[in-house]
Amino acid sequence: MATTFTKIASVSVGVLGSSTISFTSIPSTYTDLCLKVSARTDAAGIGDYLYMSLNGNTSNNSYKQLQGSGSAASSSGGSGATNNTGVSTADGATATASTFGNAEIYIPNYAGSNAKSASGDGVSENNATAARADLWAYLNSGTSAITSISLAPGNGINFVQYTTAVLYGIKNS
Amino acid sequence: MTTPTAIEVNCATGEVIERPLTAEEITQREADAAAAATAQAEEDAKAAQDAVAKDALLTKLGITADEAKLLLA
């Protein structure tokens with residue numbers, strides 16, 4: 001059970017947008033990590049994925065996803081054939097203007113020597129029938145302590161202005 | 001076209017660096033985007049296929065979706 005929740009770092013995307021958001025030199029002094037992300041991308045559509053890579057790993061990622069779209073439910077899973085693997089959800093370019101998706105990514109035991117798991121939940125905000133709610137399970141088989149985390153849009157190229165990400169460290173004692 | 005950028009936050013120093021993506025990173029981003037688009041298209045197709053199959057089954061059974069919910073409750 002978490003007993004402390006400390007902000008490590010935060011970032012807000014500027015007017016030019018950004019293709020990736022990375023946290024580097026993450027200290028190993030916490031038990032778990034938690035990312036809170038408010039994101040919108042330039043992807044066509046109401047929603048987009050948040051992709052994540054740990055320590056710049058280029059493979060060994062896999063995921064399971066449950067998704068509700070407002071009219072149907074679906075599930076998917078797979079291995080990351082590319083650098084990143086989905087871990088949560090963001091708004092896309094055609095979601096209601098000035099809205100942002102909400103996402104939380106929790107990474108337990110990030111400084112340990114076992115494979116790294118993460119859970120993600122996220123919703124796309126949209127003032128219409130169609131919207132997305134997702135739950136994700138994420139695994140990276142790397143055994144090194146996590147010192148860097150990188151986020152990128154799934155379908156889009158850029159996060160748009162005012163996308164924010166906050167990294168928290170959690171101690172269990 | 002504007003070169004995509006990356007934002008890096010150094011958690012030890014608090015320094016925030018905004019830099020252009022390297023050619024390798026741009027290639028990776030494009031590959032990721034293509035893979036994500038494929039995955040989303042597959043999910044959408046599966047959801048549409050399931051919806052059609054559900055409607056066909058309800059028609060075959062001669063019941064409504066609400067009646068099917070009652071049966072399964």
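Our structure is the block above this text.
Every chain is numbered on its own, with residues counted from 1 as its sequence reads. Think of it this way: whatever chain is written first is A, whatever ligand is written first is 1, and the rest follow in order. Side-chain atom pairs in this predicted model are given and counted only at pLDDT of 80 or more, local residue features only at pLDDT of at least 70, and totals for whole chains, interfaces and linings cover all residues.

Enquirer: Is there a simple way to explain the overall build of chain B in this structure?
Expert: Assigned secondary structure in chain B consists of two helices and two strands. Helix and strand definitions follow DSSP, with helices as H or I runs of at least four residues and strands as E runs of at least two, each counted in order from the N terminus. Listed by position from the N terminus, the elements making up chain B come as β-β-α-α. Its C-alpha atoms give chain B a radius of gyration of 24 Å, clearly above 11 Å, the size a compact globule of 73 residues would have. With the principal axes as the frame, chain B shows a C-alpha extent of 65 × 30 × 15 Å. The buried share of chain B, taken over its 73 residues, is 12%. We take the radius of gyration over the C-alpha atoms and set the globule estimate at 2.2 Å times the residue count to the 0.38 power. Buried, partly exposed and exposed are defined by the number of other C-beta atoms within 10 Å of a residue's own C-beta, namely 20 or more, between the two limits, and 12 or fewer respectively, with C-beta atoms placed from the backbone.

Enquirer: Please clarify how helix 1 (residues 23-61) of chain B should be interpreted in this entry.
Expert: Count 3.6 residues to each turn of an α-helix, and residues three or four apart come out pointing the same way. Here helix 1 of chain B contains 39 residues, and its C-alpha end-to-end distance of 57 Å stays within 8% of the 57 Å for a straight helix at 1.5 Å per residue. Once helix 1 of chain B finishes, Gly62 of chain B follows within two positions and takes phi at roughly 75°, a positive value. In this analysis, the expected span of each helix is defined as 1.5 Å times one less than the number of residues it contains.

Enquirer: Teacher, can you tell me more about the sheet that holds strand 3 (residues 32-39) of chain A here?
Expert: Note on pairing: two strands pair once DSSP finds at least 2 bridges between them. Ordered by their spatial adjacency, eight strands build an open sheet running 1-12-3-8-9-10-5-6 (chain A), and the pairing between neighbours is antiparallel. Single-partner strands in this sheet number two, and they are strand 1 (4-12) and strand 6 (73-79) of chain A. Put simply, the sheet's adjacent strands are angled 15° from each other on average, direction ignored. For strand 8 (residues 101-107) of chain A and strand 9 (residues 116-123) of chain A, the ladder comprises five bridges, and the chain directions are antiparallel. Looking at strand 9 of chain A, one finds that Ala103 of chain A is bridged to Gly122 of chain A. Sitting on the sheet, helix 1 of chain B is in contact with strand 5 (61-68) and strand 6 of chain A, with an inclination near 145° to strand 6 of chain A. Helix axes are fitted to C-alpha atoms over the stretch in contact, other axes to C-alpha atoms as well, and angles between N-to-C directions run from 0 to 180 degrees. We call two residues in contact if the C-beta atoms placed from their backbones are at most 7 Å apart.

Enquirer: Would you explain the environment of Asn10 of chain B in this entry?
Expert: The residue Asn10 of chain B is located in strand 1 (residues 5-10) in this model. A C-alpha to C-alpha distance of 22 Å links Asn10 of chain B and Ile26 of chain B, two positions 16 residues apart in sequence. Contact partners of Asn10 of chain B, with chain neighbours within four places excluded, come to Thr24 and Ser25 of chain A together with Glu15 of chain B.

Enquirer: Help me out: how do you make sense of the interface of chain B and chain A in this one?
Expert: One frequently used descriptor of interface size is the decrease in accessible area upon assembly of the parts. Taken residue by residue, the interface counts 27 residues in chain B and 33 residues in chain A. Elements supplying a minimum of two residues to the side of chain B that touches chain A: strand 1 and helix 1 of chain B. Class assignment for the residues of the side of chain B that touches chain A results in 16 nonpolar, five polar and six charged. Here five bridges tie strand 2 (residues 20-24) of chain A to strand 1 of chain B, and the two strands are oriented parallel to one another. Within strand 1 of chain B, the position partnered with Thr24 of chain A by the bridge is Asn10 of chain B. Each residue receives one of three labels: charged for Asp, Glu, Lys and Arg, nonpolar for Ala, Val, Leu, Ile, Met, Phe, Trp, Tyr, Cys and Pro, and polar for the others, Gly being one of them.

Enquirer: Is there a simple way to think about the pairing of strand 5 of chain A in this case?
Expert: For a regular strand, the rule is simple: side chains alternate between the two faces of the sheet. Residues and elements named next belong to chain A. The two faces of strand 5 differ: Asn61, Tyr63, Gln65 and Gln67 on one face are buried, but Ser62, Lys64, Leu66 and Gly68 on the other face are not. For strand 5 and strand 10 (residues 133-140), the ladder comprises eight bridges, and the chain directions are antiparallel. Of the residues in strand 10, the one forming a bridge with Tyr63 is Tyr138. In the sheet, strand 5 pairs with strand 6 via seven bridges, with the strands oriented antiparallel. When the sheet's bridge partners are listed, Gln65 is paired in strand 6 with Ser76. Linking strand 5 back to strand 6 in an antiparallel pair, the connection comprises four residues, with Gly70 at a positive phi of about 105°.

Enquirer: Hey, could you run me through the sheet that holds strand 4 (residues 47-54) of chain A in this one?
Expert: Pairing between the strands of a sheet is mediated by backbone hydrogen bonds and can be parallel or antiparallel. With mixed pairing, six strands are arranged side by side in an open sheet as 7(A)-4(A)-11(A)-2(A)-1(B)-2(B). At either end of the open sheet lies a strand with only one pairing partner, and these are strand 7 (85-91) of chain A together with strand 2 (16-20) of chain B. Mean inter-strand twist for the sheet, computed between neighbouring axes without regard to direction, equals 25°. Bridge count between strand 4 of chain A and strand 7 of chain A: six bridges; the pairing is antiparallel. Bridge assignment links Asp48 of chain A to a residue of strand 7 of chain A, and that residue is Ala90 of chain A.

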